[in-house]
Amino acid sequence: MNTNRLSATIEQALSKQMNKEIHASHVFLAYGIWADDKGYQGIANFLYRHAQEERNHSIKFMEYVLNRGGKPKVEAIPEPPADPANLTECFDGVFRHEVDNTTAIYRLVDLALEEKDWATWNFMQWFVQEQIEEETLASNLIDKLKIAGGDRATDESLFTLDKDLMNAPNDVPLAQDATGTNP
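Since this is a predicted model, take the numbers as computed values, not measurements. (Residues numbered from 1 in each chain as written. Predicted model: local features only at pLDDT ≥ 70, side-chain atom pairs only at ≥ 80, totals over all residues. Heavy atoms only, no water.)

In this structure, what is going on with the overall build of the protein chain? I would like to understand it.
The number of helices and strands found in the protein chain is five helices and zero strands. Counting helices and strands in the order they occur from the N terminus, the protein chain gives α-α-α-α-α. Here the C-alpha coordinates of the protein chain stretch approximately 65 × 30 × 25 Å along the principal axes. Across the protein chain, every contact between residues at least 6 apart in sequence was considered, and the portion connecting residues at least 24 apart equals 82%. Looking at the protein chain as shown, the accessible area adds up to about 10100 Å², and 53% of this sits on carbon and sulfur atoms. Distance between charge centres in the protein chain, computed from 17 positive and 30 negative side chains, equals 5 Å. (Helix = DSSP H or I, 4+ residues; strand = E, 2+ residues; numbered from the N terminus. Contact = heavy atoms within 4.5 Å. Areas by Shrake-Rupley, 256 points an atom, 1.4 Å probe, with all protein chains shown as cover. Lys, Arg positive; Asp, Glu negative; His and termini not counted. Charge placed at Lys NZ, Arg CZ, Asp CG, Glu CD.)

This is the structure we're talking about:
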């Protein structure tokens, strides 16, 4: 008896998103390594935590597909982009990446709606909410850097920004512990 409750199209799209989340994890890991190498340990720590959060998102997709009787497919992950030239480019890259991910999430919501797969549509609502938070977080990074002076920021301003991000909450929730009200 076939117990797969996902259409082939949705199963493939969810697997693709799982891999997209792993790619995001690699991008933020690479940005974190760049920041660490530049002496921005607070910004690096922030980006490392964000990389772990993206990995947790991929696990959430994996678990959903498996729980619905499907089998997610792990694919090759594209290489992260080249190192940014400066913090502006780094933070802009984080924001662009989140907007791109939001677009992919919306496509999955549309697909679930089109196929009347209400379980997947409901599952995706957590990610819709999460992307609002992710885009806001990335936008706030850009704003904080602008306030610090952008590419012309003083060392003191960058030190304060780095310290602020070092002191940000260090808890990355596990994917299996997340709920709709507690992402």
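That shown, we press on.
Just to check I follow, could you spell out the nonpolar core for this structure?
Here is a general trend for soluble globular proteins: nonpolar side chains tend to be buried in one another's company. One finds Phe-28, Ile-43, Leu-47, Leu-87 and Phe-91 to be the most contacted residues of the largest nonpolar core, which totals 25 residues. Counting residues per element, the ones that place at least two in this core are α1 (8–37), α2 (41–67), α3 (87–114), α4 (118–148) and α5 (155–166). Leaving out residues up to four positions away in the same chain, Phe-91 has contacts with Ile-43, Leu-141, Ile-142, Leu-145, Leu-161 and Leu-165. By size, the runner-up hydrophobic cluster in this structure holds 16 residues, among which are Phe-61, Met-124, Trp-126 and Phe-127. (Core = buried A, V, L, I, M, F, W, Y, C linked by side-chain atoms within 4.5 Å. Buried < 20%, exposed > 50% of the residue type's maximum accessible area, 1.4 Å probe, protein only.)

Looking at this model, I keep getting lost on the packing of aromatic side chains. Mind explaining?
Enumeration according to the criterion identifies five aromatic pairs in this entry. Centroid distance Phe-123 to Phe-127: 5.4 Å. Interplanar angle 65°. Geometry classified as edge-to-face. Placement of the pair is Phe-123 and Phe-127 together in helix α4, with a separation of four residues, close to one helical turn. Neither residue differs from the other here; Phe-123 and Phe-127 are each classed as buried. Look at Trp-126 and Phe-127: their rings are 4.7 Å apart centre to centre, the planes differ by 85°, and that puts the pair in the edge-to-face class. In this structure Trp-126 comes out as buried when scored by relative accessible area, which is 10%. Through successive ring pairs, a cluster of aromatic residues spans Phe-61, Tyr-64, Phe-123, Trp-126 and Phe-127. The aromatic ring of Trp-126 is capped on one face by Lys-60, whose charged end is 4.4 Å from the ring centroid. (Phe/Tyr/Trp six-rings, centres within 6.5 Å; stacked < 30°, edge-to-face > 60°. Lys NZ or Arg CZ within 6 Å of the ring centre and 35° of its normal.)

Honestly, empty space enclosed by the protein in this entry has me stumped. Any pointers?
In this approach the atoms are scanned with a rolling probe the size of a water molecule, which exposes any empty space left behind. Using the criterion set out here, one finds two cavities of 30 Å³ or more in the structure. Looking at the second largest cavity, its volume works out to about 30 Å³. Phe-46, His-50, Val-94, Glu-98, Glu-134, Leu-137, Ala-138 and Leu-141 together form the lining of the second largest cavity. When residues of the lining of the second largest cavity are traced back to their parent elements, those giving at least two are α2, α3 and α4. Here the residues of the lining of the second largest cavity sort into five nonpolar, one polar and two charged. (1 Å grid on protein atoms, 1.4 Å probe; cavity = no way out; pocket = protein on both sides within 12 Å on 5 of 7 lines; lining within 4 Å. Points joined across faces, edges and corners; volume = space filled by probe spheres on them. Nonpolar A, V, L, I, M, F, W, Y, C, P; charged D, E, K, R; others polar.)

Would you take a moment to explain the layout of surface pockets for this structure?
Here the second largest pocket defines a volume of roughly 220 Å³. Along the walls of the second largest pocket sit Gln-12, Ala-13, Lys-16, Gln-17, Lys-20, Ala-104, Arg-107, Leu-108 and Leu-111, which together make up its complete lining. At the level of elements, α1 and α3 are the ones that each hand at least two residues to the lining of the second largest pocket. No other element matches α1, which puts five residues into the lining of the second largest pocket. Partitioned by chemical class, the residues of the lining of the second largest pocket number four nonpolar, two polar and three charged.

Hey, could you run me through α1 in this one?
Three- or four-residue spacings in an α-helix give side chains the same orientation, since the helix completes a turn every 3.6 residues. Along its 30 residues, α1 runs 43 Å from first to last C-alpha, staying within 8% of the 44 Å computed at 1.5 Å per residue. After α1 finishes, the residue Gly-39 shows a positive phi value of roughly 95°. (Expected span 1.5 Å × (residues − 1).)

Teacher, can you tell me more about a nonpolar patch on the surface here?
On the surface, Leu-113, Trp-118 and Trp-121 cluster together to form a nonpolar patch covering roughly 310 Å² of accessible area. Position of Trp-118 among the secondary structure elements: in helix α4. Take Trp-118: its relative accessible area is 47%, and that puts it in the partly exposed class. (Patch = residues over 30% accessible without salt bridge, like charges linked within 9 Å, V, L, I, M, F, W, Y side chains within 5 Å. Salt bridge = Lys/Arg side-chain N within 4 Å of Asp/Glu carboxyl O.)

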